[in-house]
Structure formats: structure tokens, C-alpha cells
Amino acid sequence: MEHYLFKQLSFVRGQILKTVEGLTEETADRIPEGFRNTIRWQLGHIFVVLERFAFQYAGLPLHLPEGFKEQFEYF
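Residues numbered from 1 in each chain as written. Predicted model: local features only at pLDDT ≥ 70, side-chain atom pairs only at ≥ 80, totals over all residues. Heavy atoms only, no water.

Trainee: Any chance you could break down the pattern of salt bridges for me, citing the residues and the numbers?
Mentor: Enumeration over the complete set of coordinates arrives at 3 salt bridges. The salt bridge involving E25 is made with R40; its shortest N-O contact spans 2.7 Å. With a gap of 15 residues between them, E25 in helix α2 (residues 25-28) and R40 in helix α3 (residues 39-54) connect regions that are remote in the sequence. The exposure class of E25 is exposed, given its relative accessible area of 55%. Of the charged contacts in the structure, one is a salt bridge between E73 and R52, with a shortest N-O distance of 1.9 Å. In this pair, E73 is assigned in the segment after α4 (68-72) and R52 in helix α3, connecting sequence segments 21 residues apart. Like E73, the residue R52 is buried in the burial classification. Taken together, the shared-partner salt bridges in this structure form one network comprising E25, D29 and R40. (Salt bridge = Lys/Arg side-chain N within 4 Å of Asp/Glu carboxyl O. Helix = DSSP H or I, 4+ residues; strand = E, 2+ residues; numbered from the N terminus. Buried < 20%, exposed > 50% of the residue type's maximum accessible area, 1.4 Å probe, protein only.)

This is the structure:
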């Protein structure tokens, strides 16, 4: 039986990837009005937070590229 949390995380990941498909480098490095960080940083932050929910809080090791946690965990 599939666990609901993993189905939800998979859905969110798919929606994010669909949303940013075709995003240009220029747009990714823009800070949208009302935000403190670039779209690229926001995407990195989402990645780190999802990894934390999916693995670390379950007592499993994180699978993050080197430096991601330090660069994208906090703003």
C-alpha cells in the first residue's frame, strides 16, 4: 500500500516542475515583487525542504547535492 505522504510529495514535485518548464535563466534569477529571493533560490529552497520532509524527519539520510543545504535552507 502506498503511503499518502509520498504520493503528495510526488504530486507537489510534478506540479512545480510543470510550472517552471521553459523558465529562462534570466527569469530564474529575477526577484519577483514582494519576495526577498530569486525564483532560482525559491526552487532550491523547495527542494531542500521537500528532502527534509521526505527523508530527514523519517530518520533517513538526505540526498542533497553538495552545498544545497547551506545555500537554500534559510533566507
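Having seen it, we continue.
Trainee: Could you give an account of the layout of surface pockets, with specific residues and numbers?
Mentor: The calculated volume of the largest pocket comes to roughly 450 Å³. Of all the secondary structure elements, the ones that give two or more residues to the lining of the largest pocket are α1 (4-20), α3 and α4. For the lining of the largest pocket, the element with the most residues is α3, which contributes 8 residues. (1 Å grid on protein atoms, 1.4 Å probe; cavity = no way out; pocket = protein on both sides within 12 Å on 5 of 7 lines; lining within 4 Å. Points joined across faces, edges and corners; volume = space filled by probe spheres on them.)

Trainee: Now, about the packing of α1 against α3: what can you tell me, with residues and values included?
Mentor: In contact at an axis separation of 11 Å, α1 and α3 are set at 170° when each is read in the N-to-C sense. Judged on the interaxial angle alone, α3 and α1 are roughly antiparallel. Residues L5, F6, L9, V12, I16 and V20 of α1 form the contact with α3, whose participating residues are L43, I46, L50, F53 and A54. Counted by class, the contact of α1 with α3 contains 11 nonpolar, no polar and no charged residues. (Axes fitted to C-alpha atoms, helices over the stretch in contact; angles between N-to-C directions. Parallel < 35°, antiparallel > 145°, perpendicular 65-115°, else oblique. Contact = heavy atoms within 4.5 Å. Nonpolar A, V, L, I, M, F, W, Y, C, P; charged D, E, K, R; others polar.)

Trainee: Describe the environment of K69, listing the residues and the values that go with them.
Mentor: Tracing the chain through its elements places K69 in helix α4. A sequence separation of 14 residues divides K69 from F55, and the C-alpha atoms of the two residues are 13 Å apart. The contact partners of K69, leaving out residues within four places of it in the chain, are V48, R52 and L64.

Trainee: If you had to explain the environment of I46 to someone new, which residues and values would you point to?
Mentor: Its place among the elements puts I46 in helix α3. Relative accessible area serves as the criterion here: at 32%, I46 is assigned to the partly exposed category. Between the C-alpha atom of I46 and that of E21, which follows or precedes it by 25 residues, the distance is 16 Å.

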